[in-house]
Amino acid sequence: MPAQRNSGLSLAPLAEARAGAGYDRFFRNALESLHSERRYRVFADIERISGRFPTARWRRPDGAVSEITVWCSNDYLGMGQHPEVVGAMVETAGRCGVGAGGTRNIAGNNSPLVDLERELADLHGKEAGLVFTSGYVSNQAGISTIAKLIPNCLILSDAFNHNSMIEGVRHSGCEKKIFRHNDLGHLEELLREAGDRPKLIAFESVYSMDGDVAPIGRICDLADRYGAMTYLDEVHAVGLYGPRGAGIAERDGVMDRVDVIEGTLAKGFGCVGGYITASAAICDAVRSFAAGFIFTTALPPAVAAAATASVRYLKRSGAERAAHQRQAAATKVALEAAGLPVLPTDTHIVPVMVGDAELCKAAADHLLERHGIYIQPINYPTVPRGTERLRITPSPFHDAAHIARLTEALAETWATLALPKAGTVFVEAAE
Ligand SMILES: Cc1ncc(COP(=O)(O)O)c(C=O)c1O
């Protein structure tokens, strides 16, 4: 099977005489194993259209272009096309140019980045903020550096934590214990066992695949009782929850109880980049010791200005948050009424279960080709085998007509491919 089939990659012709070309077989073999495990990923070639979200252009493998509706974007509020955000980026790029000019160690801070960090610290009610090139890097660099600087630190990590947090834990070199997902009893058991050594509890607020929410206040109660520090990933909640869009901790009135709040600028805020907010000492220590901060070029000024505009806008406007929740709720009601196996969630995330990798991919292909609806299939290792799903993310821009068309398209797809109905029990397959 040719490894590059329909992968969306553009490959240059092979240089036959190159000695290194012989090594290609290792990569072909690795790709072949992904194919045989039905885990090979194909990305659709999509161009977003500013001002018409969730409509986008899809360039098919044969080069033909058609308009589609995107139902799986993490630009949850469509802020990536908001006129104030786009305007800030264009104006700043015109004024400052496009690149940052180097790492901050080499080129210094750029002023829009300093403004952004102040804005983020204010958002979360913390002394300081520190911006990274992505949410992934902020977790990897943040967790690893913080834990490494605490002598004999034990990290207690939720079993469903994102790969970026897992990598942060791994890079810290500290001992770790995994607590069962959102299981306070198990967390308490591990905290008690750890005795009085320093402890860091790392967890998320909204878990993005199941759309469930951590009991942040009760985790903080345990942290207080057993003398632990807390690190919270609010990536799927910033911009979306709380009176000023600071996330679930703000909504629940517990922001001041969490030591480190991490977030992304790429989802609710519609841009790119990640950050931590915490005490001045923590942010300064991460700034001073984290390789993932020190040795990479800073976020460009235009991106920082766009993110600041987005954060500022969402601090003062709750209309997008209200519309987001309303449209997500309407989508769930419509899909459930059509007998589709919607996983119940308390959040804006609407998982529709399939339970099989090939069928999940087939459903996504069918939706795109037949109905012009784009929903990326979610397969292992993002979710456990046996729980493959379509992860639907309604936005304020998905109106009643979009929801009706989605419901019809999913019902037709479920009937055509004989997919599991509501009431089916999806269980994690044994490895
Ligand atoms: C929980 C969580 N944390 C962090 C990240 C990484 O954020 P970013 O996309 O900004 O790198 C993601 C995924 O994108 C995520 O789902």
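Residues numbered from 1 in each chain as written. Predicted model: local features only at pLDDT ≥ 70, side-chain atom pairs only at ≥ 80, totals over all residues. Heavy atoms only, no water.

As recorded by an unreviewed UniProt entry, the protein chain carries the name 5-aminolevulinate synthase and is attributed to Methylobacterium aerolatum. Heading Subunit (unreviewed entry) of the UniProt record for the protein chain holds this comment: "Homodimer." (UniProt positions renumbered as here; feature names shortened; annotations may be inferred.)

Q: Would you explain the overall build of the protein chain in this entry?
A: For the protein chain, the helix and strand inventory stands at 15 helices and 14 strands. Scaling as 2.2 N^0.38, a compact globule of 431 residues should have a C-alpha radius of gyration of about 22 Å, and the protein chain matches this with 22 Å. With respect to the principal axes defined by its C-alpha atoms, the protein chain has extents near 55 × 55 × 50 Å. By residue count, 53% of the 431 residues in the protein chain fall in the buried class. The long-range fraction of contacts in the protein chain, counting pairs at least 24 apart against all pairs at least 6 apart in sequence, stands at 72%. (Helix = DSSP H or I, 4+ residues; strand = E, 2+ residues; numbered from the N terminus. Rg over C-alpha atoms; globule rule 2.2 N^0.38 Å. Buried < 20%, exposed > 50% of the residue type's maximum accessible area, 1.4 Å probe, protein only. Contact = heavy atoms within 4.5 Å.)

Q: I tried to follow helix H12 (residues 301–316) on my own but got confused; where do I start?
A: Three or four residues apart is the spacing at which side chains of an α-helix point the same way, because the helix has 3.6 residues per turn. Across its 16 residues, H12 extends 23 Å between first and last C-alpha, which sits within 8% of the 22 Å expected from 1.5 Å per residue. Burial within H12 is extensive, with 14 of its 16 residues counted as buried. (Expected span 1.5 Å × (residues − 1).)

Q: Can you walk me through the pattern of salt bridges in this structure?
A: Per the counting criterion, the structure on display carries 28 salt bridges. As a salt-bridge pair, arginine 197 and glutamate 175 come within 2.6 Å of each other at their nearest N and O atoms. Taken together, the residues span a long stretch of sequence, with arginine 197 in the loop between helix H7 (184–194) and strand S7 (199–204) and glutamate 175 in strand S6 (residues 175–179) at a distance of 22 residues. Owing to a relative accessible area of 18%, arginine 197 belongs among the buried residues under this scheme. The exposure class of glutamate 175 is partly exposed, given its relative accessible area of 38%. Via salt bridges that share partners, Glu119, Asp122, Arg244, Arg312 and Lys315 belong to a single interconnected network. (Salt bridge = Lys/Arg side-chain N within 4 Å of Asp/Glu carboxyl O.)

Q: I'm lost on the pairing of strand S1 (residues 45–48) in this one. Help?
A: Look at any regular strand and the pattern is simple: side chains alternate between the two faces of the sheet. In this sheet, strand S2 (residues 55–59) lies alongside S1 in antiparallel orientation, the contact comprising four bridges. Bridging across to S2, arginine 48 finds its partner in alanine 56. The antiparallel hairpin formed by S1 and S2 contains six residues in its connecting segment, where glycine 51 sits at a positive phi of about 95 degrees. (Pairing = 2+ DSSP bridges.)

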